[in-house]
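# Structural overview
Read off the chains here:
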Amino acid sequence: MKNKILRSVLMVLIWTFGSLTMLSAQGSYSNFNDLTDRLNQLNSNYGDLVSLESLDETADGREIWVLTIGSGDIENHPAVAVVGGAKGSHIFGSELALTFAEKLLARSNTDEVSELLETTTFYVFPRLNPDATEHYFADLKYERDVNTISTNEDRDDAFDEDPFEDLNGDNLITMMRVEDETGKWKMLEEDNRLMTQADITKGEQGNYHVFTEGMDNDKDGAFNEDGEGGVNINKNFTFDYPYFEPGAGENMASQIETRAILDFLFEEASNVFSVVTFGPANNLSSPLRFNRGAVSQRVITGWYEEDVAVNSLVSEAYNEITNLDYAPANSGQQGDLFQWAYFHYGRFSFSTPGWAVPEVMDEEGNSQKFESTDAKFLVWAEQQGMDAFVDWQEVNHPDFPNKTVEVGGIKPYVSFNPPYSAVDSLAESHTDFLIKLAGMKPNVQLVNFETEEAGRNLTRISVDVHNSGILPTAARLGERTNWVKEVILKLELSGNLELVSGDVLETIESIEGDGSLTQTWLVRGNGSFTISAGAPNTGISTIEQTIR
Amino acid sequence: MKNIKYTLLLIVCMGLGFGLNQTAEAQVTEGVFPAAGSPANPEVHASWNKYYDYQGITELTAALAEAHPNLIKRESIGKSYEGRDIWLMTVTNFNEGNADRKPAMYIDGNIHSNEIQGTEVSLYTAWYLAEMYGDNDFITQLLDEKTFYIVPTINPDGRENFFKAPNTASSPRSGVKPIDNDLDGEVNEDGYDDLNGDGSITMMRRKNPRGQFVEHPEYPELMQRVGSDQFGEYELLGYEGLDNDGDGRINEDGEGYYDPNRDWGWKWQPDYIQGGAHKYPFSLPENRAVKDFVMKHPNIAAAQSYHNSGGMILRGPGAAEDVGTYNRQDVQVYNALGEMGERLMPGYNYLIVYQDLYSVFGGELDWFYGIRGAFTFTNELWTSFEMFNETDRSRTGSYEFNKHLLFNDALVEWEPYNHPQYGEIEIGGTKKTFGRAHPGFLLEQMAHRNMAFTVYHAYHTPNLVIDEISEKDLGGGLKEVTAVITNTRMIPTHASHDLRNNISPPNYVSIDGARVEAGMIVNNRDLNQTTEQKRNPSKLEVDNVPGMGSVTVRWIISRGNNYTITVDSQKGGVVSKSN
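Criteria and thresholds
Residues numbered from 1 in each chain as written. Chains lettered and ligands numbered in written order. Predicted model: local features only at pLDDT ≥ 70, side-chain atom pairs only at ≥ 80, totals over all residues. Helix = DSSP H or I, 4+ residues; strand = E, 2+ residues; numbered from the N terminus. Buried ≥ 20, exposed ≤ 12 C-beta atoms within 10 Å, placed from the backbone. Contact = placed C-beta atoms within 7 Å. Pairing = 2+ DSSP bridges. Axes fitted to C-alpha atoms, helices over the stretch in contact; angles between N-to-C directions. Expected span 1.5 Å × (residues − 1). Parallel < 35°, antiparallel > 145°, perpendicular 65-115°, else oblique. Left-handed = near helix turned anticlockwise from the far one by under 90°. Nonpolar A, V, L, I, M, F, W, Y, C, P; charged D, E, K, R; others polar. Core = buried A, V, L, I, M, F, W, Y, C linked by C-beta atoms within 7 Å. pLDDT = per-residue confidence, 0-100. Arc of directions from axis to C-beta.

This paragraph deals with the overall build of chain A. In terms of regular secondary structure, chain A is built from twelve helices and 20 strands. Across its three principal axes, chain A shows a C-alpha extent of roughly 105 × 75 × 60 Å. In chain A, which comprises 548 residues, the share counted as buried stands at 42%. Across chain A, the fraction of contacts at a sequence separation of at least 24, relative to all contacts at a separation of at least 6, is 72%.

Right under this line is the structure:
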């Protein structure tokens, strides 16, 4: 007895201490161990609302975590999948997904969120390519999107034979420029620290070669073309897969990380109605545009008109909440998660980098125009007091014995991962957005239920199946794939009730937002019956009644 | 004495059926006269007029590996959905060279559950090659030079289901992972029902004076539609079955359904574009096992997969959208092989999938060529031509064949049955053993002809020889060494699709035992046109050695009188020659 109490006290102490260290550790982006601690913390603090599961382990033994948030019959509540870190170097996306989960759960004592979680499920995948993301914390920093599977990126006879080298000893991999009149690069006028390709059609001539920082280890004429690893999970999905490209892997869906999320979403999460990716693609600041040609071929490459309309609606809500409408549009890249979620999973797929270099104001408070996004970034960084640039510094380079070689450039990671101090407020507004999106979910209800005598011993049953949500029960594309469940309308009879007319089971491809359809049955005799309607991604509504 | 005891033990074991060759027939060692082109007295007795189930395949492949340890090794490349081992045999002369560095041919069968005889062709091929090795010079040389990777069935679960569950000749095509086909929330809840308990799913008919069908006068199992101005005697009610789930439909959600041959990751498309596709390429364990094996064996230069039916030798592209992948040089090689196939397999036509069959994504043959650059065919085994050795387009041909050559063994005569939904009906028709699978007496011939085609295909994987090494003194202590490398077969070391995408590394031609000052590829020897390789000139990179073609290389050396030239080619093998 005494022991038990003692242990409990000890536990509380450990817990308090643990959470204190956790809070204090959050002055910077979380490495994998910190991320795991924070997930475990949520799991122990909100045990009745969350479950934490490892889908698989990466080559380096890191778990691919999914945190399921919700209460009740979570598998049959419409769900939003929130994914961070598919692009490994975008650690902010990973942080945003995780912090969203923390903020959502912190609000679970409010009526709004606790009611939401009774009817809605969130699947949070906070770090999809943890082996790549962990490189953010390595001693030698470079923007790494690939996992640690050894690959032959330049398709020669050697694996991982030409990595980066830190020539100026600053532990950062930046760029390298070589003065040479045959070079095609020149200094950018807007900011002469930056290099740009000369445009001969404008009469410009180049006087530099530009490479990433390193040596040509295998003397094949290419610099750093086959470093450590690996496969970029955000290039390994099945839509528009970039065959034979560096970082794509030898086959689509070939990686543990890719298959882990694919198998989970296909097999265990048929209730997902929307996938939100925190990554490079952006159809939230500006919605995608409809292109009839792209949907008029066998292999469609654009969103259906109805789905574009939903994108516009959601984008409007996003901009209203986050004020990130200035973030550049980006319709995705080959083999990414964002496009897969629409084209091959059939769900409403939304993506945002979550942050972009804000407008830069001049002294008069007017928005400054830039030709180069890097130039804009550097001005902004300077205003923030950030040290974002490694000044060009001459180095001796064995591959260029008689040339002037300098190393310098924008530091890795900083141009698309905001300073950690920005995370909290961005996570706050993105939590508001995800709650708003969840509130738009398809929601099938049985309404206007009636039974009437239809003659001797005959009863007519009628009911309206109503989607009281804003979004349709299936995207237009989702209607086409069997991976999006149809709404099932079912009548089950017991006692001596017999069906005279009507179908015991009907499947409905889609009901638009605020749409409905009427169903009637004619039954004979007496007994009880149950009507149910819905699908995992719309919720399931049930009515029971007895005819005497 | 010891020997006698051992022999006795063996006899006892064999008598009890413990031996590996536990077939009923006794091994006849005397009293036979060899028939041309067949192993007269094989180590492993196998018969080719019946089908091997999973246990049979497991035993036969084990027996082959046991009887021919230097020619056949067996391994499991993975487990099926239901946990069966997927057996692969590596067939080559293991005493000559490294099996995984020889130009290789991959062969499999039975990807569709009901398309069973590819397994027998695959088993026959392994058996034939091993049993003929040493007796036949051509086969001996073939196994010295080449490696065969043979997977008799890449779908053992489906094969067992076809044999052991009630099926038609066409079911199941799918693997056995349960799928909700009618989207009602239940899986496999309303498949066929073997109402008359004969192991086959045949047809249901009902007497109806307003029906559209009558019996054929000579072959009563054949129902014929009457003229549009007439009434017949029967209506047809489809395949044997019940409305098991009470939804008002019969047989609408049976075994499967997905198509394992829409699961391969070259230009793969999802279900709404390509029916039968599953979650993503290689989401099915059987194909994944093959993919993983093939990715680890880049020496595979050619591949063959066996299906049924229709008498076809198919090449890609599968999809019209993929036409650009196949270009002229490669098509010429395909044509030469395919046309030989038409000759070796009377009644079979060499066809292009998207153009002559249907336009389809995610097929195995496209993956082998698209991802690995391996020249690949799919044969559709069994054609009605094989019944009377003539093109047969009549409806009665197969009934006549069944009556006079199979003595009615392929048919179930009509028998009455009281059906819960349809009332009094009759059940009868063609058994699952006929229509797509070969009848026993034709199975061995078909297996041999198809094997001969793959042997021809495998023979024409690259064979590199160093034709010439010559020297010229340049004075000043320099010598010029010129070597000619020839591919004596039709398949290039690099398909043009391979070259375009750098699928395989280049062929490396290196010189050992000389001090190399410079190295170059000779583009035109007579006119002295060369391309120098500055980096690492002692190891020249040769993009391709074309089929039936040569490549000339040259080094300028300053030292070395005895040197060795080695050609190292991923799909063409490794050869060396000293001056």
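Still more to cover.
Below, the discussion takes up the overall build of chain B. Helix and strand counts for chain B stand at 13 helices and 23 strands. With the principal axes as the frame, chain B shows a C-alpha extent of 105 × 70 × 45 Å. Across the 579 residues of chain B, 46% fall into the buried class. The contacts of chain B with a sequence gap of at least 6 include a subset with a gap of at least 24, amounting to 73%.

On to the sheet that holds strand E17 (residues 507-512) of chain B, then. Residues and elements named next belong to chain B. Judged by pairing direction, the sheet is antiparallel, and its four strands sit side by side in the order E20-E17-E22-E23 without closing on themselves. Each end of this open sheet is capped by a strand with a single partner; those strands are strand E20 (539-542) and strand E23 (573-578). Ignoring strand direction, the axes of neighbouring strands in this sheet form an average angle of 15°. Relative to E20, E17 runs antiparallel, the two being bridged by four bridges. Across the sheet, Asn507 pairs through a bridge with Val542, a residue of E20.

We now examine helix H3 (residues 91-106) of chain A. In this model, H3(A) (16 residues) spans 22 Å end to end at C-alpha, consistent with the 22 Å of a helix rising 1.5 Å per residue. Burial analysis of H3(A) places 14 of its 16 residues in the buried class, the great majority of the element.

So, about the packing of helix H8 (residues 305-322) of chain A against helix H11 (residues 423-439) of chain A. Residue and element names in this part refer to chain A. Running from amino to carboxyl end, H8 crosses H11 at an angle of 150°, the nearest separation of the two axes being 9 Å. In terms of axis orientation, H8 runs roughly antiparallel to H11. Considering the relative orientation of H8 and H11, their crossing is right-handed. Where H8 abuts H11, its residues Val314, Ala317, Tyr318, Ile321 and Thr322 lie against Ser429, His430, Asp432, Phe433, Lys436 and Leu437. Of the residues that constitute the contact of H8 with H11, the class distribution is six nonpolar, three polar and two charged.

Time to look at the interface of chain B and chain A. At the junction of the two partners, chain B supplies 25 residues and chain A supplies 25 residues. For the side of chain B that touches chain A, the residue count by class is eleven nonpolar, seven polar and seven charged.

Counting residues in hydrophobic clusters, the biggest one holds 179 residues, and the most contacted among them are A:Ala81 and A:Val124. Among all residues touching A:Ala81, those that are not within four sequence positions of it are A:Tyr123, A:Phe125, A:Leu265, A:Ala269, A:Val272 and A:Val275. Residues B:Ala483, B:Ile511, B:Ala514 and B:Trp555 belong to the second largest nonpolar core, which totals 17 residues.

Once that is clear, we can look at the packing of helix H2 (residues 54-67) of chain B against helix H3 (residues 117-132) of chain B. Each pair of packed helices can be summarised by the angle the axes make with each other and by the distance between the axes. Residues and elements named next belong to chain B. It is the contact of H2 with H3, at a shortest axis distance of 11 Å, that shows an interaxial angle of 15°. Taken together, the axes of H2 and H3 lie roughly parallel to each other. Every pair of crossing elements has a handedness; the one defined by H2 and H3 is left-handed. The segment H2 lies against H3, with Ile57, Leu60 and Leu64 engaging Thr119, Leu123, Ala126, Trp127 and Ala130. Among the residues making up the contact of H2 with H3, the classes are represented as seven nonpolar, one polar and no charged.

A few words now on the sheet that holds strand E12 (residues 375-381) of chain B. Residue and element names in this part refer to chain B. With respect to topology, eight strands assemble into an open sheet ordered E1-E2-E4-E3-E9-E12-E10-E11, the strand pairing being mixed. Both edges of this open sheet fall to strand E1 (72-79) and strand E11 (349-352), since each of them pairs with a single strand only. Averaged over neighbouring strand pairs, the angle between their axes works out to 20° when direction is ignored. Bridge count between strand E3 (residues 104-109) and strand E9 (residues 300-308): six bridges; the pairing is parallel. Its bridge partner lying in E9, Ala104 is registered against Ile300. Where helix H9 (residues 364-372) meets the sheet, it contacts E9, strand E10 (312-315) and E12, and its direction lies at approximately 175° from that of E12.

This part is about the pairing of strand E13 (residues 444-453) of chain A. Successive side chains on a regular strand alternate, one facing one side of the sheet and the next facing the other. Residues and elements named next belong to chain A. Of all ten residues making up E13, only one are buried, and the element is barely covered by its neighbours. The pairing of E13 with strand E14 (residues 458-467) spans eight bridges and is classified as antiparallel. Within E14, the position partnered with Val444 by the bridge is Asn467. As consecutive antiparallel partners, E13 and E14 are separated by four residues, and within that stretch Gly455 has a phi angle of approximately 125°, a positive value.

Attention now moves to the pairing of strand E15 (residues 464-475) of chain B. All names here are of chain B. In this sheet, strand E16 (residues 478-487) lies alongside E15 in antiparallel orientation, the contact comprising ten bridges. Paired with Leu464 across the strands is Asn487, a residue of E16. Between E15 and E16, which pair antiparallel one after the other, the connecting turn spans two residues, and Gly476 there sits at a positive phi close to 65°.

Another aspect to go through is the confidence of the model for chain B. All names here are of chain B. On average, residues of chain B score 94 in pLDDT, and 95% of them reach the 70 mark or higher. Mean pLDDT across the elements of chain B bottoms out in helix H1 (residues 2-16) (45) and peaks in strand E4 (residues 147-151) (99). For this predicted complex, the interface confidence comes out at an ipTM of 0.93, alongside a pTM of 0.94.

It is worth spelling out H8(A) at this point. Residues and elements named next belong to chain A. In this model H8 runs 25 Å from its N-terminal to its C-terminal C-alpha over 18 residues, within 8% of the 26 Å that 1.5 Å per residue would give. Taken as a whole, H8 has its buried residues at Asp307, Val310, Asn311, Val314, Ser315, Tyr318 and Thr322. Looking straight down H8, one finds its buried side chains confined to an arc of 140°; they lie on one side. Facing away from the buried side of H8 by over 90 degrees, the exposed positions are Glu305 and Glu320.

Now for the confidence of the model for chain A. Of the residues in chain A, 95% reach a pLDDT of 70 or more, and the chain-wide mean stands at 94. Here residues 9-25 of chain A is a poorly scored stretch, pLDDT under 50, and it has five contacts once near neighbours within four places are set aside; other chains count.

Residues and elements named next belong to chain B. Turning to its location among the elements, Tyr257 is positioned in the loop between strand E8 (234-239) and helix H6 (285-295). As for Tyr257 and Thr488, which are separated by 231 residues in sequence, their C-alpha atoms are 46 Å apart. With sequence-adjacent residues up to four places away left out, Tyr257 is seen in contact with Ser174, Ile179 and Asn181.

Geometrically, the link from A:Gly229 to A:Gly230 is a cis peptide bond, its omega value of -15° lying close to zero. Locating A:Gly230 in the fold gives a position in the loop between strand E8 (208-212) and helix H6 (256-268). Residue B:Pro172 is bonded to the preceding B:Ser171 through a cis peptide linkage, with omega at -15°. With respect to the secondary-structure elements, B:Pro172 resides in the loop between helix H5 (156-164) and strand E5 (203-207). Even without being a glycine, A:Ala253 presents a positive backbone phi close to 50°.

All right, on to the environment of B:Arg343 then. Counting through the fold element by element, B:Arg343 comes out in helix H7 (residues 328-344). Sequence separation between B:Arg343 and B:Arg449 is 106 residues, and the spatial gap between their C-alpha atoms is 9.8 Å.

Right, let's talk about the environment of A:Leu446 for a bit. Residues and elements named next belong to chain A. If you trace the backbone, Leu446 turns up in strand E13. Under the C-beta neighbour-count criterion, Leu446 is labelled partly exposed, with 19 such atoms within 10 Å. Leu446 sits 70 residues away from Ser516 along the chain, and the two C-alpha atoms are 9.4 Å apart. When near neighbours in sequence (up to four residues on either side) are disregarded, Leu446 contacts Val463, Val465, Ile531, Ala533, Ser541 and Ile543.

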